[in-house]
Amino acid sequence: MKSSVGIHQFMPDKVWKWKILEQKIAHILSLHDYQEIRLSVLQDYRVIHHGITALMLEEEAELATNAIINLSKPNGDLSLLTLRPEGTISVLHHTASIIKDHEVHRFYYLGPMFRKEGHNNPSEFHQLGVELLGSDSVMSENEVISLGMKILQGLGLRDARLLLNSFGCTACRPPFISDMKDYLKKNENRICANCFTTLYTNPFANTKCKDPQCKEIISNGPKILDYLCPRCKRNFDKVKKVQANLAHQYKVLPNLFKNFAYYNETVFDLVLNSNGAGVVVGGGGRYDYLSQMITGKNIPAVGFYLNIDSIFEIMDKRGLFTSLDKAFSVYISSQSEDLEMMMLQIAQELHANDIKTVLSADKHSIEEDANLAKKSECELMIVIRDENVREGKILLRNLIKEIQDYVALNSIMDEILLARKSLNRE
Ligand SMILES: [Zn+2]
Ligand SMILES: [Zn+2]
């Protein structure tokens, strides 16, 4: 049944794929010295609200606040708890509590986040967050951007590419914003109301307007890249140069949409192909001003997120999940209640040898059991029957080679290990 709200159902047919995805991501991150942080799903509303709105303009802050899912008491009063909508705020608070001068910390977190989406529907989505904290060098930007590309490539997504822009710094941005506002006012009668309001609020916004006149006015307007101060310009050139040298495909997009009060200098999106179009599956940038606002400590930082739900879907569609080597397994059936103890003992002995077992839960004929065993992808089947046990033996069937034999009770383990060897499943 499809739920009307965005709730995940992770059933076994998908869980093994999620595990592969998570393991690959964790492996790549550990190679780059990133440490995992496991954040609480329940968060303090005041901390989250303060963090989210710290660098936002009023309109944006209101939208962001409305998207947070708060827990309310039965009487409808809002409690002071909220479901985690993002991870950066908690990571900054943690880092501020441990960081010493000139220290750099590398953290990541992966898990469900919660927000209200279109029509106010609560939704759960899986997100990876990667943060490098304590450095304002352009090297750290390149490290983080490259890491985003490496994760996607490491997952087999070879078409991964970058959209890049620079939002400048507090020195070079204000002249751009003021020129942009003048330009918009001058063209207020020629540009549509939506483009005007959107760009007046956020001069970096992508209005997605299809009106040719709007498009022309916007493309002839001021560009942040023409306003960058020497330092910002040098840094952005270096990012482009390093990414090109790493053979990372990129495109500079002067209106890459982000919350511009939050980010400074390099911002980026990570893009994949899906259904014949480019889809943004992640992105990030430098956010040097946020920590001071919410923790009181100046911690320059750069980070990115990946939308794991979208990435999972794209990987699944492309058939990029291949089953891990299947465990060698033995099906065990006992033909009477008196023999159940023996069935459990044999299973225990097999587990001690790291062999997986599937126990027959009900009484079946041998052929029924054989079918169930094959359905469970077992290589061997053991059938324990009173009349055989009295003679000190049990039936061992090799379901791959379609052969069977009676083996002495005291040599079951040896016979099974031998069969495993002959099937090359060690
Ligand atoms: Zn600058
Ligand atoms: Zn327009």
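Residues numbered from 1 in each chain as written. Chains lettered and ligands numbered in written order. Predicted model: local features only at pLDDT ≥ 70, side-chain atom pairs only at ≥ 80, totals over all residues.

### A few points about the packing of helix 6 (residues 173-186) against helix 7 (residues 193-201)
Next, step 1: Close contact between helix 6 and helix 7 brings their axes to 10 Å; oriented N to C, the two are set at 165°. When the interaxial angle is binned, helix 6 and helix 7 end up roughly antiparallel. Of the two possible hands of crossing, helix 6 and helix 7 adopt the one that is left-handed. Between helix 6 and helix 7, the residues in contact are M180, K181 and L184 and F196, L199 and Y200, respectively. (Axes fitted to C-alpha atoms, helices over the stretch in contact; angles between N-to-C directions. Helix = DSSP H or I, 4+ residues; strand = E, 2+ residues; numbered from the N terminus. Parallel < 35°, antiparallel > 145°, perpendicular 65-115°, else oblique. Left-handed = near helix turned anticlockwise from the far one by under 90°. Contact = placed C-beta atoms within 7 Å.)

### Side note on the sheet that holds strand 11 (residues 301-307)
Next, step 1: Strand order in the open sheet made by the 8 strands is 1-5-6-11-10-9-7-8, with mixed pairing throughout. Looking at which strands have only one partner, the edges of the open sheet turn out to be strand 1 (35-36) and strand 8 (250-252).
Next, step 2: Relative to strand 9 (residues 264-274), strand 7 (residues 161-166) is paired through 6 bridges, and the arrangement is antiparallel. Opposite L163, over in strand 9, you have D269 as the bridge partner.
Next, step 3: Packed onto the sheet, helix 9 (residues 230-245) meets strand 7, strand 8 and strand 9 and runs at close to 170° relative to strand 7. (Pairing = 2+ DSSP bridges.)

### Looking at the domain arrangement of the protein
Next, step 1: Along its sequence, the protein is organised into domain 1 (12-149 + 259-317) and domain 2 (329-422).
Next, step 2: A straight line from the C-alpha centre of domain 1 to that of domain 2 covers 50 Å. (Domains from an automatic or database assignment.)

### Overview of the pairing of strand 7
Next, step 1: Relative to strand 8, strand 7 runs parallel, the two sharing 3 bridges. From the neighbouring strand, L162 faces strand 8, where its bridge partner is Y250.

### Points about the sheet that holds strand 13 (residues 356-359)
Next, step 1: Here 5 strands make up an open sheet; going across it, the order is 13-12-14-15-16 and the pairing mixed. Edge positions in the sheet fall to strand 13 and strand 16 (403-408), since each of these pairs with one other strand and no more. Neighbouring strand axes in the sheet, compared pairwise and without regard to direction, differ in orientation by 25° on average.
Next, step 2: Sheet topology places strand 14 (residues 380-384) next to strand 15 (residues 393-398); 4 bridges connect them, and they run antiparallel. Note on strand 15: the bridge partner recorded for V383 is L395.
Next, step 3: The strands touched by helix 13 (residues 366-375) within the sheet are strand 12 (329-334), strand 13, strand 14 and strand 15, with strand 14 carrying the most contacts at an inclination of about 150°.
Next, step 4: In this fold helix 15 (residues 412-422) packs onto strand 12, strand 14, strand 15 and strand 16, with an angle of close to 10° to the strand it touches most, strand 15.

### A closer look at the environment of G276
Next, step 1: Secondary-structure assignment places G276 in the loop between strand 9 and strand 10 (277-286).
Next, step 2: G276 sits in the exposed class, given 5 other C-beta atoms within 10 Å. (Buried ≥ 20, exposed ≤ 12 C-beta atoms within 10 Å, placed from the backbone.)

### So, helix 6
An α-helical turn contains 3.6 residues, so any two residues separated by three or four positions project in the same direction.
Next, step 1: With 14 residues, helix 6 extends 20 Å between its outermost C-alpha atoms, agreeing within 8% with the 20 Å of an ideal straight helix rising 1.5 Å per residue.
Next, step 2: The inward-facing, buried residues of helix 6 abut helix 7. (Expected span 1.5 Å × (residues − 1).)

### Things to note about the pairing of strand 9
Looking along a regular strand, one sees side chains alternate from face to face of the sheet.
Next, step 1: Strand 9 sits mainly inside the fold: 9 of its 11 residues count as buried.
Next, step 2: Sheet topology places strand 9 next to strand 10; 9 bridges connect them, and they run antiparallel. What sits directly across from D269, in strand 10, is G283.
Next, step 3: Where strand 9 hands over to strand 10, the hairpin turn is made up of 2 residues, of which N275 adopts a positive phi near 50°.

### Some remarks on the packing of helix 2 (residues 45-53) against helix 3 (residues 58-66)
Next, step 1: For the pair helix 2 and helix 3, interaxial distance at closest approach is 9 Å and the crossing angle is 145°. For the crossing formed where helix 2 meets helix 3, the hand is right-handed. Facing helix 2, whose interface residues are H49, I52 and T53, helix 3 presents A61, A64 and T65.
Next, step 2: Looking at the contact of helix 2 with helix 3 residue by residue, the class counts come to 3 nonpolar, 3 polar and no charged. (Nonpolar A, V, L, I, M, F, W, Y, C, P; charged D, E, K, R; others polar.)

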